[in-house]
Amino acid sequence: MAEPPRTPHYPRSVQLEVKRRMGEADIAAVSELLHVATVADEHLPLGEHMWLDLVEGGRTGFAGFVAWEAGHGHPVGYAQLSRGRTSWAIEFVVDPHHREPGGTIGADLVRAALDEIRREGGGHVHMWVPKPGPQHDAIATANGMSRGRELLQMRRPLPVPGGRGPLRLRTFEPGRDERAWLAVNARAFASHPEQGEWDLETLLRRERERWFDPKGFLLHERDGRLAAFCWTKVHADHDPPLGEIYVIAVDPAYQGLGLGRQLLLAGLDWLARRGLPTAMLYVDASNEPGVKLYRDIGFTVDHVDRAYVVDVPAPPGPAASRGT
Ligand SMILES: CC(C)(COP(=O)(O)OP(=O)(O)OC[C@H]1O[C@@H](n2cnc3c(N)ncnc32)[C@H](O)[C@@H]1OP(=O)(O)O)[C@@H](O)C(=O)NCCC(=O)NCCS
């Protein structure tokens, strides 16, 4: 006998809670959801920027959307909104046990976030999705979003035969190198909205992170000023442990001279000496010089992350402000 059709019960019983600031209990409940999704999907559902915003309770422009379903003592989905200088970012996750065909939790979360952006005056929105599938395309389409940039996660085994070259390097000195670093970062990533917009607060937050190790943050100076850097990050709790080329750049005034290649090899050498078996990095798929350099050094694509984008129009009349 055929099974009777299952009626999805959650669309009617799911409630969305909107949070301008997350309390300790909210953070704990959402962290548990993120953990469950990380195990199921083999990747973190929130990017680092969003994660820091969450655990620190939320900064200006923050909104968290927590989906609850009757009969379940834990959130069944979560979306987070953050406001950059020129655009908005949304990320979301649905509990793996609540991703039934025909389910609307993801689409509802994204719609709620877009509605909030509209109320706040609208603007350009990107929604990053790690390892996107057809369900993410469907959620985006249902909300009028289209495919935007793609980010490649590339990996290669360590060590790199031949190691590093003789380039003179020193390590980043907290309290001394911030301004010079921010200036080179902004120039090198002028056309890369997320990275190029880093300010002192963004950098200092990273320096407070447990993983931060200035010994793996390599600088090269020319003509008495910072010319290039390679900042590494160790993901010790990843299985296998990964050594990330976290941010690498050469000041445009010194590009094309071989510094990028040498800084990359020095960063990889540092990670290999820490005993890490695998190196990883993210690069915009359209970043031709970056992708070419990484392929030359033996990196291959592990997976793709995608941004879905939309321009949300301002609501008619004066925009309300949250005043946070
Ligand atoms: C990517 C970057 C670090 C390369 O540094 P660089 O010092 O300019 O590069 P190098 O002179 O060491 O060249 C190394 C390789 O990069 C590639 N490359 C560099 N410039 C390139 C260009 N304009 N077009 C295509 N490939 C290029 C080539 O593979 C080159 O090897 P080759 O000279 O044997 O062909 C630098 O362009 C940069 O800082 N870009 C902006 C920030 C950025 O995108 N960082 C990486 C983000 S993941």
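Details of the structure are given in the entry above.
Here's a quick rundown of the structure. (Residues numbered from 1 in each chain as written. Predicted model: local features only at pLDDT ≥ 70, side-chain atom pairs only at ≥ 80, totals over all residues. Heavy atoms only, no water.)

### What about the packing of helix α3 (residues 48-55) against helix α8 (residues 200-207)?
How we decide: Lines are fitted to the C-alpha atoms to define the axes, a helix being fitted only along its stretch in contact, and any angle between axes, read from their N-to-C directions, falls within 0 to 180 degrees. For helices the rule is a DSSP run of H or I covering at least 4 residues; for strands it is a run of E covering at least 2, with both sets numbered from the N terminus onward. Orientation categories follow fixed angle ranges, with anything under 35 degrees roughly parallel, anything over 145 roughly antiparallel, 65 to 115 roughly perpendicular, and all other angles oblique. Contacts are assigned to residue pairs with any non-hydrogen atoms lying within 4.5 Å of each other. Under the convention adopted here, Pro, Cys and the residues Ala, Val, Leu, Ile, Met, Phe, Trp and Tyr are nonpolar, Asp, Glu, Lys and Arg are charged, and Gly plus all remaining residues are polar.
One can describe the packing of α3 onto α8 by two numbers: an axis separation of 12 Å at closest approach and a directional angle of 80°. When the interaxial angle is binned, α3 and α8 end up roughly perpendicular. Here E48, H49, L52 and D53 of α3 come into contact with α8, specifically with T202, R205 and R206. For the contact of α3 with α8, a count of residues per class yields one nonpolar, two polar and four charged.

### Comments concerning the nonpolar core
Within soluble globular proteins, side chains that are nonpolar tend to cluster in buried spots. Our working rule: Joining through side-chain atoms within 4.5 Å is the link that ties buried Ala, Val, Leu, Ile, Met, Phe, Trp, Tyr and Cys residues into a set, and such a set is a nonpolar core. Relative accessibility thresholds used throughout: buried, under 20% of the residue-type maximum; exposed, over 50%; partly exposed, between the two (1.4 Å probe, protein chains only).
Judged by nonpolar contacts, the single largest core of 30 residues is most densely connected at I245, L264, L268, Y294 and F299. Apart from residues no more than four positions distant in its own chain, F299 is found in contact with M154, R155, R156, L268, A279, M280, L281 and Y294. With 28 residues, the next largest nonpolar core counts W88, A112, I139 and V310 among its residues.

### A word on the sheet that holds strand β3 (residues 75-83)
Put simply, the test is: Two strands make a pair as long as DSSP finds a minimum of two bridges between them.
Taken together, the 12 strands give an open sheet; going across it, the order is β1-β2-β3-β4-β5-β12-β6-β11-β10-β9-β8-β7, and neighbouring strands pair in mixed fashion. Of all the strands in the sheet, the pair left with one neighbour each is β1 (14-19) and β7 (170-171). Direction of pairing for strand β6 (residues 146-157) relative to strand β12 (residues 300-312): antiparallel, over a ladder of eight bridges. Residue pairing in the sheet places L152 in a bridge with V304 of β12. Sheet strands in contact with helix α4 (residues 105-119) are β1, β2 (63-69), β3, β4 (88-94), β5 (123-130) and β12, and its direction is about 160° off that of β4. Strands β4, β5, β6 and β12 of the sheet are contacted by helix α5 (residues 134-142), whose axis makes an angle of about 10° with β12.

### Concerning the site of the ligand
Applied cut-off: Nearness of a residue to a molecule or strand requires only that one of the residue's heavy atoms be within 4 Å of it. Each polar contact in these results corresponds to two N or O atoms within 3.5 Å; when the atoms are within protein, one needs to be able to donate a hydrogen and the other to accept it, and residues that are neighboring in sequence are counted only if both atoms are side-chain atoms. The method behind every accessible area is Shrake-Rupley, applied with a 1.4 Å probe, and residues are considered shielded solely by the protein chains displayed.
V250, G258, G260, R261 and N287 are the nearest of the 21 residues found near the ligand. Between an oxygen atom of the ligand and a main-chain N or O atom of L257, the distance comes to 3.3 Å. Take G258: an N or O atom from its main chain is 2.7 Å from an oxygen atom of the ligand. Surface burial for the ligand is 73%, taken as the share of its 910 Å² of free accessible area covered by protein chains. Secondary structure elements with two or more residues in the shell around the ligand: β10 (242-250), α9 (259-273), β11 (278-284) and α10 (288-296). Along the lines of polarity and charge, the residues of the shell around the ligand split into 12 nonpolar, six polar and three charged.

### Concerning the pattern of salt bridges
This is how the line gets drawn: When a carboxyl oxygen of Asp or Glu is within 4 Å of a side-chain nitrogen of Lys or Arg, the pair counts as a salt bridge.
For the structure shown, the criterion picks out 27 salt bridges. In this structure, R119 engages E116 in a salt bridge whose closest nitrogen and oxygen atoms are separated by 2.8 Å. Placement of both R119 and E116 in helix α4 is noted, with a separation of three residues, approximately one turn of the helix. Residue E116 is classed as buried on the basis of its relative accessible area of 1%. Put simply, K215 and D213 hold a salt bridge, and the shortest N to O gap is 3.6 Å. Accessibility expressed as a relative area gives 51% for K215, which makes it exposed. With relative accessibility at 18%, the residue D213 sits in the buried group. One network of salt bridges, with partners in common, ties together D137, R147, E150 and R306.

### Observations regarding the packing of aromatic side chains
Rules: Planes of paired rings set the category: under 30 degrees apart is stacked, over 60 is edge-to-face and the rest tilted, where pairs are Phe, Tyr or Trp rings (Trp by its six-membered ring) whose centres lie within 6.5 Å.
Following the criterion strictly, the structure yields 17 aromatic pairs and no others. Relative to W231, the ring of F212 lies with its centre 6.0 Å away and its plane at 90°, an arrangement referred to as edge-to-face. Of this pair, F212 sits in the loop between α8 and β8 (217-222) while W231 is found in strand β9 (residues 225-235), placing the two residues 19 residues apart along the sequence. Each member of the pair, F212 as well as W231, carries the same accessibility label: buried. Taken together, the ring pairs in this structure connect F172, W181, W198, W211, F212, F217, F229, W231 and Y246 into an aromatic cluster.

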